[in-house]
Amino acid sequence: MTSDARAAAINLTLYGRSGCHLCEDMEEALLDFQREWGFVLKRLDVDSDPALAEAYGRLVPVLKDGELEICHYFLDPKRLHEHLAHSLNQL
């Protein structure tokens, strides 16, 4: 598997909401990481589903890989970099 294909196998989810400046800031910061690492980023609006609003409403933005929370409120570049490097090594 090529490194590009391996990176594309990493799927992160950003839980946020419309009009949230922290959510917009995290999404913008993630774009640089996405260009460098090539992971897939899914965005979910927590206000679109009561269960998501209950789970993440006070923490947004929240960045997760599956069930693993990478960070919330602000992007943690060091933790994200470590997570991506570890994930690529596991593929």
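Below or above, wherever it landed, is the structure these notes cover.

Details of the packing of helix H2 (residues 21-37) against helix H4 (residues 77-90)
When two helices pack together, you describe them by how their axes are tilted relative to each other and by the distance separating the axes.
Next up, step 1: One can describe the packing of H2 onto H4 by two numbers: an axis separation of 12 Å at closest approach and a directional angle of 25°. With respect to H4, the element H2 is oriented roughly parallel. As H2 runs across H4, the sense of the crossing is right-handed. Note on element contacts: H4 touches H2 through Pro 77, Leu 80, His 81, Leu 84, Ala 85 and Leu 88, opposite Leu 30, Phe 33 and Trp 37.
Next up, step 2: For the contact of H2 with H4, a count of residues per class yields eight nonpolar, one polar and no charged.

Observations regarding the environment of Cys 23
Next up, step 1: One can find Cys 23 in helix H2.
Next up, step 2: Classification of Cys 23 by relative accessible area gives buried; the value is 5%.
Next up, step 3: On a C-alpha basis, the gap between Cys 23 and Pro 77 in space is 15 Å, while along the polypeptide they are 54 residues apart.

Observations concerning unusual backbone geometry
Next up, step 1: Looking along the chain, the bond that leaves Val 60 and enters Pro 61 is cis, with omega of -5°.
Next up, step 2: With respect to the element layout, Pro 61 can be found in the loop between helix H3 (50-56) and strand E3 (62-65).
Next up, step 3: Phi is positive for Tyr 73, which is not a glycine, with a value near 70°.
Next up, step 4: As for its position among the elements, Tyr 73 is in the loop between strand E4 (68-72) and H4.
Next up, step 5: On the basis of relative accessibility, which here comes to 34%, the residue Tyr 73 falls in the partly exposed class.

The rules we used
- Going along each chain's sequence as written, the residues are numbered from 1 onward.
- In keeping with the predicted nature of the model, local features appear solely for residues at pLDDT of at least 70, side-chain atom pairs appear and are counted solely at 80 or more, and the whole-chain, interface and lining totals rest on all residues.
- Only hydrogens and water are set aside when side-chain values are computed; all heavy atoms of the structure are taken into account.
- Fitted lines through C-alpha atoms give the axes, limited to the stretch in contact for helices. The angle between two N-to-C directions lies from 0 to 180 degrees.
- Numbering goes from the N terminus for both helices and strands, where a helix is a DSSP run of H or I of at least four residues and a strand is a run of E of at least two.
- Angles are sorted into four bins: roughly parallel if under 35 degrees, roughly antiparallel if over 145, roughly perpendicular if 65 to 115, and oblique for all others.
- Take the far helix as the reference: if the near one is turned anticlockwise from it by less than a right angle, the crossing is left-handed, and if turned clockwise, right-handed.
- Residue contacts are counted whenever heavy atoms from the two residues lie within 4.5 Å of one another.
- The nonpolar class holds Ala, Val, Leu, Ile, Met, Phe, Trp, Tyr, Cys and Pro. Asp, Glu, Lys and Arg form the charged class, and all remaining residues, Gly among them, are polar.
- The rule is simple: take the accessible area with a 1.4 Å probe, protein chains only, and divide by the maximum for that residue type; under 20% is buried, over 50% is exposed, in between is partly exposed.

These results come straight from atomic positions and should not be treated as a statement about function.
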